[in-house]
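These are the residues of each chain, in order.
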Amino acid sequence: MSTSNSKTASASDNSLPWVEKYRPVELKDVVGNQETVERLNVISTTGNMPNLILAGAPGIGKTTSILCLAHALLGSAYKEAVLELNASDDRGIDVVRNRIKMFAQKKVNLPAGRHKIIILDEADSMTPGAQQALRRTMEIYSNTTRFALACNLSGKIIEPIQSRCAILRYGKLQNEQVLYRLVEICKAESVEYTPEGLEAIAFSADGDMRQAVNNLQSTASGFGLITPDNVFRVCDQPHPVVIRKMLGNCAKGEVDEAVACVSLLWTQGYSAVDIITAIFRVVKIYDELDEEKKLKYIREIGITHMRIVDGLQTLVQLQGLAARLSKFALPEKAFSV
C-alpha cells in the first residue's frame, strides 16, 4: 500500500498506525506506478468505471488506489455505496451469494452515471466456487454495481472473471519514491533520522511501502532515532554491510574471508532464506561489479536459492555459494588438475 501525508490526517492523532494515518485519500497523493494511476484518474474524470483487477506485489498501492478512486467517483455517498472485503473476511461461496448479492441489490442514491463499488482484497485467495458465483453476480448486477479485485497473481482469477475486467498491473516502488514519503512522515511526526537510516528502511522494505512505514514507526517508537543499526535491529535482517564485505572478498577471490562473512551471519541466527534473499538484494545494487559479472553472481544466487527452498537450508550451501562467487575472480589455471 502506498502511503501519503493525507489532508485528513492529523499529526497529533497518535491512536492510528502511521500506515493508516498517512494513507492517501486522493489519487494524486498515491506514490509510484504513475501510468496505472493516470488510467484511474481518467476513470474518475469520465465516471465510466469498468470492473477492475489490480494485480501486483503486496504494499504497493492497489487497495489504496481503488479506495481513492471510489472517493473521487462517489463523494459523500462513499460510505453507503462501497463494500470492502479484505483477506480477514470469510469469502466463500455463501458470502458471495448472501452479503455481496444483498449489497448489489441495495438501492443507494448516487450521482448520475455512478455505480456502487465492491472491493475484494486478496481476491486470488477466493475458492473456485466462490469465483464462479461472483462471475454470475457480476453479470446480473452490471447495471448498478462495479467490482474491483485486488490480488497478487491475476492468473489465480478464473478466466470468465478476467474477461469481464480491465487488468491494471502494479510494479514495486523505487527506493527514491519510498524515501520521499518517509521523509514527509518523519517531518510530520518530528522523528529524528539520518539519511542512511531511511535508506536502510527502503532497502529492507524492497519496494513495499506498507512495510517501509511500519518499519519506520517501529524504529521511531523503539529507539527514537532512525539509523541503519537501529533499523536492522527492528527488521531483524542480515546487515548489508556484512554482505557487501562478503561480495568484496568474492570479487578479489578471497574465499576464506567470504566464507567467514557468511558464517558470521549464520551464527547470528539468520535463516538460509533470509541470508540468500539479502545477498540477492545487495548484488542488484552493488556498483563495484560490471554487468557481466553481476549476471553470473545472480545466476549462482538463484541456483542456491532454489536448493534452499527445496529444503537444503544448511550453512554448507551458503559457504558453497561464497566459494563459487569467489571462483569468478580466480584464473582458470587455478582449477586445472
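These figures come from a predicted structure and were not determined experimentally.

Visitor: Please provide a residue-by-residue account of the overall build of the protein chain, values included.
Guide: When you go through the protein chain residue by residue, the secondary structure sums to 16 helices and seven strands. Of all 337 residues assigned to the protein chain, the portion counted as buried reaches 48%. Of the charged side chains in the protein chain, 39 are positive and 38 negative, and the gap between their average positions amounts to 7 Å.

Visitor: Describe unusual backbone geometry, listing the residues and the values that go with them.
Guide: Leaving glycine out, the prevailing phi sign among residues is negative, and the prevailing peptide bond configuration is trans. The backbone of Glu122 sits at a positive phi, close to 50°, despite the residue not being glycine. The residue Glu122 is located in the loop between strand S3 (116–120) and helix H6 (128–140) in this model. Its relative accessible area of 25% is what places Glu122 among the partly exposed residues. Positioned with a positive phi, Asp236 is a non-glycine residue whose angle comes to about 55°. Tracing the sequence through the fold places Asp236 in the loop between helix H11 (228–235) and helix H12 (240–252).

Visitor: An account of the sheet that holds strand S1 (residues 52–55) is needed here, citing residue identities and associated values.
Guide: Spatial strand order, S2-S3-S4-S1-S5: five strands in an open sheet with parallel pairing. Of all strands in the sheet, those bounded by a partner on one side alone are strand S2 (82–85) and strand S5 (166–169). In this sheet, adjacent strand axes meet at a mean angle of 15° when their direction is disregarded. One ladder, built from five bridges, connects S3 with strand S4 (residues 145–151); its direction is parallel.

Visitor: Quick one: what's the story with the pairing of S4, residue by residue and with numbers?
Guide: Of all seven residues making up S4, seven are buried, and the element is well covered by its neighbours. Alternating residues of S4 divide into Thr145, Phe147, Leu149 and Cys151 and Arg146, Ala148 and Ala150, and every residue in both groups is buried. Where S1 meets S4, four bridges bridge the pair, whose relative direction is parallel. Residue Ile53 lies in a different strand from S4, and its bridge partner there is Leu149. In terms of handedness, the path from S3 via H6 over to S4 forms a crossover that is right-handed.

Visitor: Explain the pattern of salt bridges residue by residue, including any values.
Guide: A complete count under the given rule lists 13 salt bridges for this structure. As a salt-bridge pair, Lys21 and Glu189 come within 2.7 Å of each other at their nearest N and O atoms. In this pair, Lys21 sits in helix H1 (residues 18–21) while Glu189 sits in helix H8 (residues 175–189), placing the two residues 168 residues apart along the sequence. Of the two residues, Lys21 and Glu189, both sit in the buried class. The residue Arg164 makes a salt bridge to Glu139 at a minimum N-O spacing of 2.3 Å. You can see Arg164 sitting in the loop between helix H7 (159–162) and S5 and its partner Glu139 sitting in helix H6, a full 25 residues away along the chain. Relative accessible area serves as the criterion here: at 29%, Glu139 is assigned to the partly exposed category. Taken together, the salt bridges that share partners define one network made up of Arg135, Arg136, Glu139 and Arg164.

Visitor: Any chance you could break down the packing of aromatic side chains for me, citing the residues and the numbers?
Guide: The tally for this structure, following the rule as stated, stands at two aromatic pairs. Taking 6.4 Å as the distance between ring centres and 65° as the angle between the ring planes, the aromatic pair formed by Phe203 and Phe232 counts as edge-to-face. With Phe203 in helix H9 (residues 195–205) and Phe232 in helix H11, this pair connects stretches of sequence that are 29 residues apart. Phe203 sits in the buried class, given a relative accessible area of 11%. Taking the relative accessible area as the measure of exposure, Phe232 reaches 6% and is therefore buried. In this structure, Lys116 is placed above the aromatic ring of Phe103, and the distance from its NZ or CZ to the ring centre is 5.8 Å.

Visitor: Please set out helix H13 (residues 255–267) residue by residue, giving values where relevant.
Guide: Spanning 13 residues, H13 covers 18 Å between terminal C-alpha atoms, matching the ideal 18 Å at 1.5 Å per step. If you check which residues of H13 are buried, you get Ala258, Val259, Cys261, Val262, Ser263 and Leu265. Those residues of H13 hidden inside the fold are in contact with H12, helix H14 (272–284) and helix H16 (315–327). Directly beyond the C-terminal end of H13, a positive phi value near 100° is found at Gly269.

Visitor: Lay out the nonpolar core with the relevant residues and their values.
Guide: In terms of nonpolar packing, the biggest core is built from 77 residues, with Met49, Leu52, Leu69, Leu216, Met246 and Leu247 touching the most fellow members. In this structure, Leu85, Met126, Met138 and Cys165 belong to the second largest nonpolar core, which totals 23 residues.

Cut-offs and rules
Residues numbered from 1 in each chain as written. Predicted model: local features only at pLDDT ≥ 70, side-chain atom pairs only at ≥ 80, totals over all residues. Heavy atoms only, no water. Helix = DSSP H or I, 4+ residues; strand = E, 2+ residues; numbered from the N terminus. Buried < 20%, exposed > 50% of the residue type's maximum accessible area, 1.4 Å probe, protein only. Lys, Arg positive; Asp, Glu negative; His and termini not counted. Charge placed at Lys NZ, Arg CZ, Asp CG, Glu CD. Pairing = 2+ DSSP bridges. Axes fitted to C-alpha atoms, helices over the stretch in contact; angles between N-to-C directions. Right-handed = clockwise from strand over helix to strand, strands pointing away. Salt bridge = Lys/Arg side-chain N within 4 Å of Asp/Glu carboxyl O. Phe/Tyr/Trp six-rings, centres within 6.5 Å; stacked < 30°, edge-to-face > 60°. Lys NZ or Arg CZ within 6 Å of the ring centre and 35° of its normal. Expected span 1.5 Å × (residues − 1). Contact = heavy atoms within 4.5 Å. Core = buried A, V, L, I, M, F, W, Y, C linked by side-chain atoms within 4.5 Å.

Any functional reading would require information beyond the geometric quantities listed.
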